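Chains, contacts and geometry: an overview
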Amino acid sequence: MDRREMLQIVAAVPLAQALGVSVGAIEQATAHAQQAAQAPASFVAQFFTPHELRTVTVLADLVIPRDERSGSASDAGVPAFIDFMMIDRPQLQLPMRGGLAWLDAETRRRFDSTFVDATSSQQAAILDEVAWPARAPATLSQGVAFFNRFRDLVATGFWSSRMGVEDLRFMGNTVVPQWNGCPDDALQHLGVRYTD
């Protein structure tokens, strides 16, 4: 096991516990997502319908968009990761499918559109209301529960991927050929100094 694999496991453990799944399931889903990220055109979802997969992809990229530092959630293969998790953990299927249906129903109610066909400002309007549970109206509790589980899955999939580990900029243990002590500014910040 190399450093990268170890970091992926370390990153996955707290999220695996939060999601109620094993680290082994996360590792398998990560491998599945890695294959999908390398050959996205050949990925065929086993759980999601084509419309659901489009929704998952759009929603995952709203959670982790591409930026100057790394690719997006879908670039890292997160939709494939989530698809694998749905097959591997059937108890997650009903909440996921129900949540995606809720998202489309809420978007239709407000904007007469499915979520993926809504404008980016319409998508943001819905997500802004469900992303912060403490601020969300009680009438959106189903959406809040779905979005928070979904966001956890996206984070798990992204930061257990190769792209996610690189995004963390973890350099691992490096050799320090000569140790000159703690820098002066750090010592001042801590209010300590060397005595000899």
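Everything below is about the structure printed above this text.
What you are looking at is a predicted structure, and each value in this text was computed from that prediction instead of being measured.

**As for the pattern of salt bridges**
For the structure shown, the criterion picks out eight salt bridges. Here Glu 106 makes a salt bridge to Arg 109, at a shortest N to O gap of 2.6 Å. Of the two residues, Glu 106 and Arg 109 both sit in helix α5 (residues 93-111), three residues apart, roughly one turn of that helix. The exposure class assigned to Arg 109 is exposed, which follows from its relative accessible area of 60%.

**Here's the deal with the packing of aromatic side chains**
For the structure on display, the rule yields three aromatic pairs. Note on Phe 146 and Phe 150: the rings are 5.7 Å apart at their centroids and 40° apart in plane angle, and the pair reads as tilted. Linking Phe 146 with Phe 150, this pair stays in helix α7 (residues 141-159), spanning four residues, or about one helical turn. Residue Phe 146 shares its accessibility class with Phe 150, and that shared class is buried. Where Phe 158 meets Trp 159, the ring centres are 5.0 Å apart and the plane angle is 90°; that geometry is what we call edge-to-face. In this structure Phe 158 comes out as buried when scored by relative accessible area, which is 0%. By relative accessible area, which is 27% here, Trp 159 ends up partly exposed. The cationic tip of Arg 97 hangs over the ring face of Phe 47; the distance from NZ or CZ to the ring centre is 4.0 Å. Positioned above the aromatic ring of Trp 132 is the side chain of Arg 135, whose terminal nitrogen or guanidinium carbon lies 4.6 Å from the ring centre.

**Points about the packing of α5 against helix α6 (residues 120-130)**
Orientation of α5 relative to α6, taken along the N-to-C sense of each, is 120°, at an axis distance of 11 Å. Taken together, the axis directions place α5 and α6 in an arrangement best described as oblique. As for the relative orientation of α5 and α6, their crossing is right-handed in sense. Facing α5, whose interface residues are Trp 102, Leu 103, Glu 106, Thr 107, Arg 110 and Phe 111, α6 presents Gln 122, Ala 125, Ile 126, Glu 129 and Val 130. In the contact of α5 with α6, the residues fall into six nonpolar, two polar and three charged.

**Side note on unusual backbone geometry**
Phi angles above zero are rare outside glycine, and Asp 112 is one such case at about 55°. Note on placement: Asp 112 falls in the loop between α5 and α6. On the accessibility criterion, Asp 112 (70% relative accessible area) is exposed.

**A short note on the side chain of Ser 70**
For Ser 70, the position within the fold is in the loop between α3 (50-63) and α4 (78-88). Residues contacting Ser 70, with those up to four places away along its chain left out, are Phe 158, Met 163 and Asp 167.

Rules used in this analysis
- Residues numbered from 1 in each chain as written.
- Predicted model: local features only at pLDDT ≥ 70, side-chain atom pairs only at ≥ 80, totals over all residues.
- Heavy atoms only, no water.
- Salt bridge = Lys/Arg side-chain N within 4 Å of Asp/Glu carboxyl O.
- Helix = DSSP H or I, 4+ residues; strand = E, 2+ residues; numbered from the N terminus.
- Buried < 20%, exposed > 50% of the residue type's maximum accessible area, 1.4 Å probe, protein only.
- Phe/Tyr/Trp six-rings, centres within 6.5 Å; stacked < 30°, edge-to-face > 60°.
- Lys NZ or Arg CZ within 6 Å of the ring centre and 35° of its normal.
- Axes fitted to C-alpha atoms, helices over the stretch in contact; angles between N-to-C directions.
- Parallel < 35°, antiparallel > 145°, perpendicular 65-115°, else oblique.
- Left-handed = near helix turned anticlockwise from the far one by under 90°.
- Contact = heavy atoms within 4.5 Å.
- Nonpolar A, V, L, I, M, F, W, Y, C, P; charged D, E, K, R; others polar.

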